[in-house]
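Residues per chain, in single letters:
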Protein chains: 2
Amino acid sequence: MATRKRVTAQDVARLAGVSRTTVSFVLNNVTDMRISEETRQKVLEAARLLNYHPDAVARRMVTGRTRVVGFVLRQSPEQAFADLFLPQVLNGLSQAAARQGYQVLFEPIPPDQPNTMYSRLVNERHVDGIILSGPRFDDEDLLRLHREGAPLVLIGRLPDVEIPYVDVDNIGGARMATEYLIQKGHRRIGLITNAPLSYTASAERLSGYRQALEAAGLAFDETLVRYGNFTPHSGYQAMAALLQVRPLPTAVFVASDTVALGALQAIRHAGLRIPSDISLIGFDDIPLAGFLDPPLTTIHLPAFNLGWEAAEMLLQRLSAEEATPPYRLLATHLVERESCAPPRKS
Amino acid sequence: MATRKRVTAQDVARLAGVSRTTVSFVLNNVTDMRISEETRQKVLEAARLLNYHPDAVARRMVTGRTRVVGFVLRQSPEQAFADLFLPQVLNGLSQAAARQGYQVLFEPIPPDQPNTMYSRLVNERHVDGIILSGPRFDDEDLLRLHREGAPLVLIGRLPDVEIPYVDVDNIGGARMATEYLIQKGHRRIGLITNAPLSYTASAERLSGYRQALEAAGLAFDETLVRYGNFTPHSGYQAMAALLQVRPLPTAVFVASDTVALGALQAIRHAGLRIPSDISLIGFDDIPLAGFLDPPLTTIHLPAFNLGWEAAEMLLQRLSAEEATPPYRLLATHLVERESCAPPRKS
DNA sequence: ATGAAAGCGCTAACAC
DNA sequence: GTGTTAGCGCTTTCAT
């Protein structure tokens, strides 16, 4: 299709019988220049008549700001697209951005594409700043971008780097989950991680689990921990392995609801019942958690807020009125459903 | 933070000792003007030295194209953000767009915000075209945009409007599901829709269900259909109601896996077993479907392809080499798991 | 083979 | 109050 002819401010000015400048002032509601009400109306009417829309590209050209933030997704598809997490983050992000007149450019980075150079987003001025989810510590592009002073906010933490971030209090959440189990009377508590320990969130959840154990005077037993990998399938295998150890743990903390789904199935296949034979507590509180069998007790992750806060932090940095707190840790809370019970008397 | 100083093509030209024009030619690989290898190298070296990045805004200004497509989400949050559908569509969309050098601007439209005027996206030239998911037939903004000739592709259909679209073959999929049940020997088959019938997809799935029934000489019985509303909760209620009718249906087609989750729970609460007491077949094949209890037999919806095809159609229209087929219907297929069995001998 | 110059549509400083 | 004008950084035609 042919490029549609643009109506410019010039056209509006001509029709209204004024200059381009006046049009610009009227349409941007510039009050300094006091413009007669009559002129105002003429301009507004002309704009309406011609169906005039100011050209965002031209405006960006001259203002130097795009009013767009980039959302870079630096995660594997199974992690990012298979769980119910991303949509909510994106939702929070978009709403916070929209509220301040910003748009969101979505940029997933396929993992099999090493040199995507998403730094071009800001270097070529497609966006004013970047929110990056799932930072990897070996991400050269990211580090350079930060050195160059690009406005950047991470969702998820990166150890030893001073980039502003928003994250969930993984340690606190994991501690809470484990304490809950302990308080129910469990002493032999397994752990299935949400992901390999190279992921910060995973290491942190393990750490919270240990803390709770140790605070209760329980020994950390490495034979009771297994490693998930984002997927239900990985949870199935991890739980199957855990069901081999003797004595059996009476409860398991699965640090991801999605992974817990597989664990649930493994337990069913083993002919065991939840929570009477074994208790299970998850992490994330995916929207479906309450409809599993049994409804899953879990730690609620404020996904929407994660996106919202990240956007707020970035936008504040962009408007630069004052220094932003360099990071924010979001609290979790426990959602009690039906997958945990006191251990069997043995 | 202060606006970072931009390195312009002028700077590169100066350092390389050539003109701006030459820089542009070298960097854009314009071959018409044959430029000496020596000059080329000088320019490239200078650009590298200065860490030069061409300004996308300026380029858009002069080329008249943004190389951005808008993804407008015209759906309620519970529909869009609570299921596993959106991320996959978005993934397909982005990959198809990226492959052709396009970026994706994400624009969700909160339902409580009637006058969002997303048409501004194209009118103000934030984007070259729009992919809109979940069109509503009363969307004035959409219709006007189409009349104005804006490049537009829908995900989901709109009756009586000739806007290009990509959609799933809902009728075929629903027929397939119902036929499968019939073929297992069921004669009394209930339906729980995915949403109110004002949603095209919902009406179509109902239609496919009817077709299969009638083709098999089975009467359509209105007392066997109930209406879901995207959520597990609605599925719970619909199934609970269905379990009151006598004689009980021996199988139910739930036209959404998410809704089926609630149906599953209602059946459990009624003390019935799946599939021995009642068979259940879903629709969508959410990633978790195989890990439910029992693993859910369902109709696979090619969500990734939906996004991919929509992008392909839009981009083809933008490059306008030739007329694009105005629509595309994507096939579904049945994924057999363990939630269906022949009816009990009664 | 290289350079000069004309815009793209807008904003904003400055003049009248 | 309103108009004139100078760019923003780039692409691209036309001279040289």
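About the criteria used
Residues numbered from 1 in each chain as written. Chains lettered and ligands numbered in written order. Predicted model: local features only at pLDDT ≥ 70, side-chain atom pairs only at ≥ 80, totals over all residues. Heavy atoms only, no water. Contact = heavy atoms within 4.5 Å. Buried area = accessible area lost by both parts, 1.4 Å probe. Salt bridge = Lys/Arg side-chain N within 4 Å of Asp/Glu carboxyl O. Polar contact = N/O pair within 3.5 Å; in protein donor to acceptor, adjacent residues only side chain to side chain. Helix = DSSP H or I, 4+ residues; strand = E, 2+ residues; numbered from the N terminus. Nonpolar A, V, L, I, M, F, W, Y, C, P; charged D, E, K, R; others polar. Pairing = 2+ DSSP bridges. Least-squares fit on C-alpha atoms with pLDDT ≥ 70 in both. Near = heavy atom within 4 Å. Axes fitted to C-alpha atoms, helices over the stretch in contact; angles between N-to-C directions. Patch = residues over 30% accessible without salt bridge, like charges linked within 9 Å, V, L, I, M, F, W, Y side chains within 5 Å. Areas by Shrake-Rupley, 256 points an atom, 1.4 Å probe, with all protein chains shown as cover. Buried < 20%, exposed > 50% of the residue type's maximum accessible area, 1.4 Å probe, protein only. Expected span 1.5 Å × (residues − 1). Arc of directions from axis to C-beta.

If you check an unreviewed UniProt entry, chain A appears there as LacI family DNA-binding transcriptional regulator from Thermanaerothrix solaris.

A.B. asks: Explain the interface of chain A and chain B to me, please; I cannot follow it from the model alone.
C.D. replies: Interfaces are frequently sized by the accessible area removed from exposure as the parts join. Listed per partner, the contact involves 57 residues of chain A and 57 residues of chain B. Interface area for chain A against chain B, summed over the two sides, is near 5300 Å², with a carbon-plus-sulfur share of 60%. The interface formed by chain A and chain B includes four salt bridges. Note that A:Asp55 is salt-bridged to B:Arg125, the shortest N-O span being 2.6 Å. Across the chain A-chain B interface, the total number found is 13 residue pairs in polar contact (both at pLDDT 80 or more). Contributions of two or more residues to the side of chain A that touches chain B are made by α4 (56-63), α6 (86-99), β2 (103-108), α7 (120-123), α11 (232-242) and α12 (257-269) of chain A. Residues of the side of chain A that touches chain B, tallied by class, amount to 30 nonpolar, 15 polar and twelve charged. Examined bridge by bridge, β2(A) and strand β2 (residues 103-108) of chain B share three bridges and lie antiparallel to one another. Among the inter-strand pairings, A:Val104 is bridged to a residue of β2(B), identified as B:Phe106.

A.B. asks: I tried to follow the relation of the copies chain A and chain B on my own but got confused; where do I start?
C.D. replies: There are two copies of the chain, and a rotation about an axis plus a shift along that axis relates them. The transformation that overlays chain A on chain B combines an axial shift of 0.0 Å with a rotation of 180 degrees, and the residual RMSD is 0.0 Å. Viewed as a symmetry operation, the transformation between the two copies matches a two-fold axis. Closest to the rotation axis within chain A is the C-alpha of A:Leu105, separated from it by 2.2 Å. A share of 100% of interface residues in chain A that are also interface residues in chain B marks the association as one of identical surfaces.

A.B. asks: I keep staring at the environment of B:Gly307 and nothing clicks. Help me out?
C.D. replies: Residues and elements named next belong to chain B. Along the chain, glycine 307 turns up in helix α13 (residues 303-319). In the structure, glycine 307 is positioned 219 residues away from glutamine 88 in sequence and 7.6 Å away in space, judged by C-alpha atoms. Ignoring anything within four residues of it in the chain, the contact list for glycine 307 reads Val89, Gly92, Leu93 and Ile155.

A.B. asks: How should I be thinking about the protein's contact with DNA strand C in this particular structure?
C.D. replies: What surrounds DNA strand C is a group of 25 residues, the closest being A:Ala9, A:Arg20, A:Tyr52, B:Ser19 and B:Thr39. Within 4 Å of the protein, atoms of DNA strand C come from sugar and phosphate in 62% of cases. With respect to DNA strand C, the backbone of A:Ala9 contributes an N or O atom lying 2.6 Å from a phosphate oxygen. Taking B:Thr39, its side chain carries an N or O atom lying 2.8 Å from a phosphate oxygen of DNA strand C. Elements represented by at least two residues in the surface near DNA strand C include exactly α2 (20-27) and α4 of chain A together with α2 (20-27) and α4 (56-63) of chain B.

A.B. asks: So what exactly am I meant to see when it comes to the sheet that holds strand β6 (residues 189-192) of chain B here?
C.D. replies: Strands in a sheet are paired, the pairing made by backbone hydrogen bonds, and the direction either parallel or antiparallel. Residues and elements named next belong to chain B. What the six strands build is an open sheet, ordered β7-β6-β8-β9-β10-β12; its pairing is mixed. Each having just a single partner strand, β7 (225-226) and β12 (333-335) make up the two edges of the open sheet. Bridge count for β6 against β7 is two bridges, and the pairing is parallel. Bridging across to β7, isoleucine 192 finds its partner in arginine 226. Of the strands in this sheet, β6, β7, β8 (251-254) and β9 (279-284) are in contact with helix α11 (residues 232-242), which crosses β6 at around 150 degrees.

A.B. asks: Help me out: how do you make sense of a nonpolar patch on the surface in this one?
C.D. replies: Taken together, the side chains of A:Met61, A:Val62, B:Met61 and B:Val62 present a nonpolar region at the surface, about 400 Å² in accessible area. Listed by contribution, the elements that provide at least two residues to the nonpolar patch are α4 of chain A together with α4 of chain B. Following the sequence through the fold, A:Val62 ends up in helix α4. The class of A:Val62 is exposed, set by a relative accessible area of 67%.

A.B. asks: Where do I start with unusual backbone geometry in this structure?
C.D. replies: Excluding glycine, residues mostly have negative phi values, and the peptide bonds linking residues are mostly trans. Residue and element names in this part refer to chain A. Note that the residue after isoleucine 274, namely proline 275, is joined by a cis bond; omega there is 5 degrees. For proline 275, the location among the structural elements is in the loop between α12 and β9 (279-284). Along the chain, aspartate 293 connects to proline 294 via a cis peptide bond; the corresponding omega equals 0 degrees. Mapped onto the secondary structure, proline 294 falls in the loop between β9 and β10 (297-300). The backbone phi angle of phenylalanine 230 is positive, close to 80 degrees, even though this residue is not glycine. Note that phenylalanine 230 resides in the loop between β7 (225-227) and α11.

A.B. asks: Even after reading the chapter, I still don't get the sheet that holds strand β4 (residues 152-155) of chain B, so can you show me in this structure?
C.D. replies: The strand order β11(A)-β5(A)-β4(A)-β3(A)-β1(A)-β2(A)-β2(B)-β1(B)-β3(B)-β4(B)-β5(B)-β11(B) describes an open sheet built from twelve strands, whose pairing is mixed. A strand with exactly one partner marks an edge of an open sheet, and here the two such strands are β11 (327-330) of chain A together with β11 (327-330) of chain B. Adjacent strand axes in the sheet meet at a mean angle of 20 degrees when their direction is disregarded. Pairing of strand β1 (residues 68-73) of chain A with β2(A) involves six bridges; the strand directions are parallel. Across the sheet, A:Phe71 pairs through a bridge with A:Phe106, a residue of β2(A). Strands β1 (68-73), β3 (129-133), β4, β5 (165-168) and β11 of chain B of the sheet are contacted by α13(B), whose axis makes an angle of about 165 degrees with β4(B).

A.B. asks: What is the right way to read helix α9 (residues 170-183) of chain A from this model?
C.D. replies: Each α-helix winds once per 3.6 residues, and so residues spaced three or four apart point in a common direction. An ideal rise of 1.5 Å per residue puts 20 Å on 14 residues; α9(A) measures up with 20 Å between its terminal C-alpha atoms. Taken residue by residue, α9(A) has A:Asn170, A:Gly172, A:Gly173, A:Ala174, A:Ala177, A:Thr178, A:Tyr180, A:Leu181 and A:Ile182 as its buried positions.

A.B. asks: So what exactly am I meant to see when it comes to helix α1 (residues 9-16) of chain A here?
C.D. replies: All names here are of chain A. All buried positions along α1 are accounted for by Ala9, Val12, Ala13 and Ala16. Seen along its axis, α1 keeps its buried residues to an arc of 100 degrees; they face one direction. Packing partners of the buried residues in α1 comprise α2 and α3 (37-50). Backbone geometry just after α1 places glycine 17 at a positive phi near 75 degrees.

A.B. asks: When you look at the pairing of β1(A) in this model, what are you seeing that I'm missing?
C.D. replies: Looking down a regular strand, the side chains alternate between one sheet face and the other. Residue and element names in this part refer to chain A. Within β1, six of the six residues are buried, leaving the element largely enclosed by the surrounding structure. On β1, burial covers both faces: Val68, Gly70 and Val72 on one face and Val69, Phe71 and Leu73 on the other are all buried. Bridging between β1 and strand β3 (residues 129-133) involves five bridges; their strand directions are parallel. Among the inter-strand pairings, leucine 73 is bridged to a residue of β3, identified as serine 133.

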